[in-house]
Amino acid sequence: MATMAMATMADFRSAAKRVSNWGRWGEDDQAGTLNFITAEKVAATSRLVRAGKIFPLGVEFGSSGPQGDFLYRQNPVHLMTVDGGDADAFIANGLAWDDNPTAKQIAETFAASPFRFNDDMIIMPLQAATQWDALSHVYYEEQLYNGFPSSAVSSQGAAHCAISAAISKGIVSRGVLLDVVRHRGQEVCLDAEHQVTPEELEAIAEAQGVKIESGDVVLVHTGWWTEFRRTGNRSAPVAGVNWRCAEWLYAHEVAAIACDNVAVEHLLTMDVEGMFLPFHSLCLRDMGLMLGELWDLRRLAADCAQDGVFEFQIVAPPLNVTGAVGSPVNPIAIK
Ligand code: UVW
């Protein structure tokens, strides 16, 4: 296995210039590489649906999820706000909830008929589980994608490059799975030193007999989610994508990339001296390419390995949360 040489900030800056899409779709553009998904591209995805097989790629949003290592990001807290089981207690206490209008209102509803209902709510970071990073999620040197000022993100959310910029694109496109696990002949790929390089992505595509086309959503299977489900180890190492893959995505005009690990890119070593998360920075800020994290690719990967078809229709709409810098998603691959 080749050892990666540490790159300099000068290397990073020249890569940033090469992958920059600033101005490519106009000075107001906030959709970035989703612009590669044309109407013709979407129409063509219908031909990829042959057997009617559905693969949900979302993980569970629950209290035993993968968050916890980063103290600013927690697992979802799911609470019941009304529970039909409350009915007896509410009715037994009579409608004597004079000092609690909410309880009184529910008690009256339950007392008036045999009708019962349950309501719930969830408190969670939008990045807690299967998610899209919006283009406003990451920036450096005070600028977001397309040169918008970082001050566009305030306590009121993102005024530019929010997740809403992706809504009109669906997101629907051709999806292509690149199965690193299968290619390496391993069950899971957790060797953080053995990063996924552009050369490896190219070799996998070739071995799988699939071509990456303009507007594709590329899914990279590393096995991290398989390991997490088996061990519950949220700190398991990540065999992520090397920062130089940003140039590979640019060359292929990829619309978005998603992975079954926590950050798409690997986290443990610093590959660009002085720059944290260089792949995030190049993709989100310079290229305008959204990242999907914590996608469950297990069933899809097994099916692709079985029928040898690594392309499919992908439907992955974010939630239209006002000003959000990311969104939960329940992506579906259809073959
Ligand atoms: C950061 O935590 C900055 O990024 P992500 O959630 O996209 O991995």
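The rules behind the values
Residues numbered from 1 in each chain as written. Predicted model: local features only at pLDDT ≥ 70, side-chain atom pairs only at ≥ 80, totals over all residues. Heavy atoms only, no water. Near = heavy atom within 4 Å. Polar contact = N/O pair within 3.5 Å; in protein donor to acceptor, adjacent residues only side chain to side chain. Areas by Shrake-Rupley, 256 points an atom, 1.4 Å probe, with all protein chains shown as cover. Nonpolar A, V, L, I, M, F, W, Y, C, P; charged D, E, K, R; others polar. Helix = DSSP H or I, 4+ residues; strand = E, 2+ residues; numbered from the N terminus. Buried < 20%, exposed > 50% of the residue type's maximum accessible area, 1.4 Å probe, protein only. Contact = heavy atoms within 4.5 Å. Disulfide = S-S within 2.5 Å. Patch = residues over 30% accessible without salt bridge, like charges linked within 9 Å, V, L, I, M, F, W, Y side chains within 5 Å. Salt bridge = Lys/Arg side-chain N within 4 Å of Asp/Glu carboxyl O. Pairing = 2+ DSSP bridges. Axes fitted to C-alpha atoms, helices over the stretch in contact; angles between N-to-C directions.

Caption draft 1: Structural view of the site of the ligand. Looking at the ligand, the residues that line it are Tyr72, Arg73, Asp133, His137, Val262, Ala263, Leu277, His280 and Glu293. Taking His137, its side chain carries an N or O atom lying 3.1 Å from an oxygen atom of the ligand. Take His280: an N or O atom from its side chain is 2.7 Å from an oxygen atom of the ligand. Notes on the ligand: free accessible area 260 Å², of which the protein chains cover 84%. For the shell around the ligand, a count of residues per class yields four nonpolar, two polar and three charged.

Caption draft 2: The environment of Asp83, seen in detail. Residue position: Asp83 is located in the loop between strand S2 (77–82) and helix H3 (87–92). On the accessibility criterion, Asp83 (32% relative accessible area) is partly exposed. Taking C-alpha positions, Asp83 is 9.8 Å from Ile106, a pair spaced 23 residues apart along the chain. Each residue touching Asp83, except ones within four places of it in the same chain, is listed here: Phe110, Phe117 and Asn118.

Caption draft 3: Structural detail: the state of the cysteines. Enumeration over the complete set of coordinates arrives at zero disulfides. Looking at Cys161, it has no disulfide partner, and the nearest cysteine sulfur is the one in Cys283, 15 Å off. We classify Cys161 as buried; its relative accessible area is 1%. Cysteine Cys304 shares no disulfide, and the gap to the nearest cysteine sulfur, in Cys259, comes to 15 Å.

Caption draft 4: Expanded view of a nonpolar patch on the surface. On the surface, Val77, Leu79, Met121 and Ile123 cluster together to form a nonpolar patch covering roughly 320 Å² of accessible area. Looking at the nonpolar patch, the elements with two or more residues in it are S2 and strand S3 (119–123). Take Ile123: it is sitting in strand S3. Given a relative accessible area of 46%, Ile123 falls into the partly exposed group.

Caption draft 5: Region of interest: the sheet that holds strand S7 (residues 172–179). If you trace the nine strands from one edge of the open sheet to the other, you get S1-S13-S11-S7-S8-S9-S10-S4-S12, paired in mixed fashion. Two strands in the sheet have a free side with no partner beyond their single neighbour: strand S1 (54–56) and strand S12 (326–328). Between one strand axis and the next, the sheet turns by 25° as a mean value, whatever way the strands run. Where strand S8 (residues 217–221) and strand S9 (residues 256–259) come together, four bridges link them in parallel fashion. Residue Val217 lies in a different strand from S9, and its bridge partner there is Ala256. Contacting S1, S7, S8, strand S11 (311–315) and strand S13 (332–334), helix H10 (residues 298–307) crosses the sheet at an angle of about 145° to S1.

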